[in-house]
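Structural overview
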Amino acid sequence: MQIPIAKPFIGEEEKQAVIQVLSSGSLTSGPKVAEFEKAFAAYHGAKHGVATSNGTTALMAAMMAHDIGPGDEVIIPSFSFFATASCVLSTGATPVFADIDPDTYCLSPEAAEAAITPRTKAIMPVHLYGLPADMPRFQAICEKHGLVLLEDAAQGHGSAIGERRVGTWGTASFSFYPTKNMTTTEGGMVLTNDDEIARKLRMIRAQGMNTQYYHEVVGYNFRMTDMAAAIGLVQLGRLPDWTCSRVGNGNFYNQHLESVKTPKVPEGYTHVYHQYTVRVPDGVERDAVTKRLNERGVGVRVYYPLPIHKQPVFQQRDGYKSVTLPETEKATLQVFSIPVFPSLTDEERAYVAQEINAAC
Ligand SMILES: *Cc1c(COP(=O)(O)O)cnc(C)c1O
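These figures come from a predicted structure and were not determined experimentally.

1. A look at the overall build of the protein
When you go through the protein residue by residue, the secondary structure sums to 12 helices and 14 strands. Its C-alpha radius of gyration of 20 Å places the protein within 12% of the 21 Å reference for a compact globule of 360 residues. When its C-alpha atoms are laid out on the principal axes, the protein stretches across 65 × 55 × 40 Å. Put simply, the protein has 360 residues, and 56% of those count as buried. A separation threshold of at least 6 residues defines the contact pool for the protein, and within that pool the share at least 24 residues apart is 71%. Averaging the coordinates of the 32 positive side-chain charges in the protein and doing the same for the 38 negative ones gives two points 3 Å apart.

2. A short note on the layout of surface pockets
Space inside the largest pocket adds up to approximately 720 Å³. Considering the residues around the largest pocket, the lining is formed by 39 residues, among which Tyr 177, Pro 178, Thr 179, Lys 180 and His 274 are closest to the centre. Among the domains, domain 1 (12-233) and domain 2 (240-359) are the pair contributing at least three residues each to the lining of the largest pocket.

3. Here's the deal with the sheet that holds strand S1 (residues 48-52)
The strands making up a sheet are joined through hydrogen bonds of the backbone, oriented either antiparallel or parallel. Here we have 7 strands laid out as an open sheet, ordered S1-S9-S8-S5-S4-S2-S3, and mixed in their pairing. A single partner strand is all that each edge strand has here, and the edge strands are S1 and strand S3 (94-98). Strand-to-strand twist in this sheet, taken as the mean axis angle between neighbours without regard to direction, amounts to 25°. Both strand S2 (residues 73-77) and strand S4 (residues 120-123) contribute to a ladder of 3 bridges, which runs parallel. In the strand pairing of S4, Glu 73 is matched with Thr 120. In the packing of helix H4 (residues 83-90) onto the sheet, contacts are made with S2, S3 and strand S5 (148-152), and the angle to S3 comes to roughly 150°.

4. Section: the sheet that holds strand S12 (residues 269-270)
The antiparallel open sheet is built from 3 strands, whose spatial order is S7-S6-S12. Of all the strands in the sheet, the pair left with one neighbour each is strand S7 (164-165) and S12. Direction of pairing for strand S6 (residues 160-161) relative to S7: antiparallel, over a ladder of 2 bridges. Counted as the bridge partner of Ile 161 is Arg 164 from S7.

5. Notes on the site of the ligand
Close to the ligand lie 15 residues, the nearest being Gly 55, Thr 56, Gln 155, Ser 175 and Lys 180. The contact in question runs from an oxygen atom of the ligand to an N or O atom on the side chain of Ser 175, over 2.7 Å. Structurally, the ligand is housed in the largest pocket. At the level of secondary structure, the elements contributing two or more residues to the shell around the ligand comprise helix H3 (55-65) and H4.

6. Some thoughts on empty space enclosed by the protein
Using the criterion set out here, one finds 1 cavity of 30 Å³ or more in the structure. Quantified by volume, the largest cavity comes out at close to 60 Å³. Around the largest cavity, the lining residues are Asp 103, Thr 104, Tyr 105, Leu 128, Tyr 129, Leu 131, Pro 263, Lys 264, His 271, Gln 275, Tyr 276 and Thr 277. Its residues assigned to classes, the lining of the largest cavity comprises 6 nonpolar, 4 polar and 2 charged.

7. A look at the domain arrangement of the protein
Partitioning the protein into domains gives domain 1 (12-233) and domain 2 (240-359). Computed from C-alpha atoms alone, the centre-to-centre distance between domain 1 and domain 2 is 24 Å. Counting from both sides, the interface comprises 39 residues of domain 1 and, opposite them, 35 residues of domain 2. A buried area of about 3200 Å², summed over both sides, lies between domain 1 and domain 2, and 61% of it is on carbon and sulfur atoms. Along the contact surface separating domain 1 from domain 2 lie 1 salt bridge. Close ionic contact of Asp 103 with Lys 261 constitutes a salt bridge, the shortest N to O distance being 3.3 Å. Remark: the boundary between domain 1 and domain 2 carries 16 residue pairs in polar contact (both at pLDDT 80 or more). Listed by contribution, the elements that provide at least two residues to the side of domain 1 that touches domain 2 are H4, S3 and S6.

Conventions and cut-offs
Residues numbered from 1 in each chain as written. Predicted model: local features only at pLDDT ≥ 70, side-chain atom pairs only at ≥ 80, totals over all residues. Heavy atoms only, no water. Helix = DSSP H or I, 4+ residues; strand = E, 2+ residues; numbered from the N terminus. Rg over C-alpha atoms; globule rule 2.2 N^0.38 Å. Buried < 20%, exposed > 50% of the residue type's maximum accessible area, 1.4 Å probe, protein only. Contact = heavy atoms within 4.5 Å. Lys, Arg positive; Asp, Glu negative; His and termini not counted. Charge placed at Lys NZ, Arg CZ, Asp CG, Glu CD. 1 Å grid on protein atoms, 1.4 Å probe; cavity = no way out; pocket = protein on both sides within 12 Å on 5 of 7 lines; lining within 4 Å. Points joined across faces, edges and corners; volume = space filled by probe spheres on them. Domains from an automatic or database assignment. Pairing = 2+ DSSP bridges. Axes fitted to C-alpha atoms, helices over the stretch in contact; angles between N-to-C directions. Near = heavy atom within 4 Å. Polar contact = N/O pair within 3.5 Å; in protein donor to acceptor, adjacent residues only side chain to side chain. Sits in = over half its atoms within 2 Å of the grid points. Nonpolar A, V, L, I, M, F, W, Y, C, P; charged D, E, K, R; others polar. Buried area = accessible area lost by both parts, 1.4 Å probe. Salt bridge = Lys/Arg side-chain N within 4 Å of Asp/Glu carboxyl O.

Laid out in structure tokens, this is it:
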């Protein structure tokens, strides 16, 4: 067997939707983008959706809409994809890394609060692997200290705490990259309940214009195309079923994996298993296990093998060489993710579980 780590799905409906857009003559942002924004925001229970060219530009636009810039600090986890930090750098602000909760792998509220200084402007937890960060705690911390709450929800489509989905606590950025829980090929979206932030996001996305050729703020071209939005509308329709399949696969692994630590899902949380990530016990060499599994046809990956603060980009900058984040650094050596995509068959997941139990 050869089982990949991810298997994006594009069906006949997506293809037809793209052809329809091309035939309509709408070659950039148009009615499909507006329709997709409304539908994606409504699915999460947020007031506004602003679609962008990708998840990275969604994050950048969110930073700019909150006037984050030079002199400001933004507290983020180091255990994430690099864009979580590069969007802060892109504004001239300073990323401040705080450690994770070792059970959920998400930013620790205590560590984040301890990292607050007079320069702190915002906190941005990441819903890592599809598990919401502890948003009620982050909301309370941000209210207490007068900080902006952001969400890197690039991996969190549809995940929730109780009935409340991510994207409704703070200004939240999503990605529709092919391996995410739904795709538009490249694409992103910012959700917000704040009318003024939504207005600024729309300007930043399109050259800072409020009316054509009058530039109110510095903006860029972060637009999504109608072709991408048309794919997104079809994929959003498939998302509830796909999430059920991911959760079903996750529950199967929870029951069948023996030696590795399985994901912890706090009471009342909906984990959408963008990744199903396990952890080898102390003393087991993770890289030997992942090598063996890949040789046996089980596509496993490490997200992420090097924490962001240890990346060359940060090691060359002042102030980061001395940063130590023990839980982050330990997790990067012990975790690996296994196939959990919706179309994984019963046979395939049984094989994955058997091979993991044999390998470690
Ligand atoms: C995918 C991802 C991004 C970036 O999204 P792109 O669409 O690839 O630009 C940002 N943050 C996290 C946590 C991601 O997983």
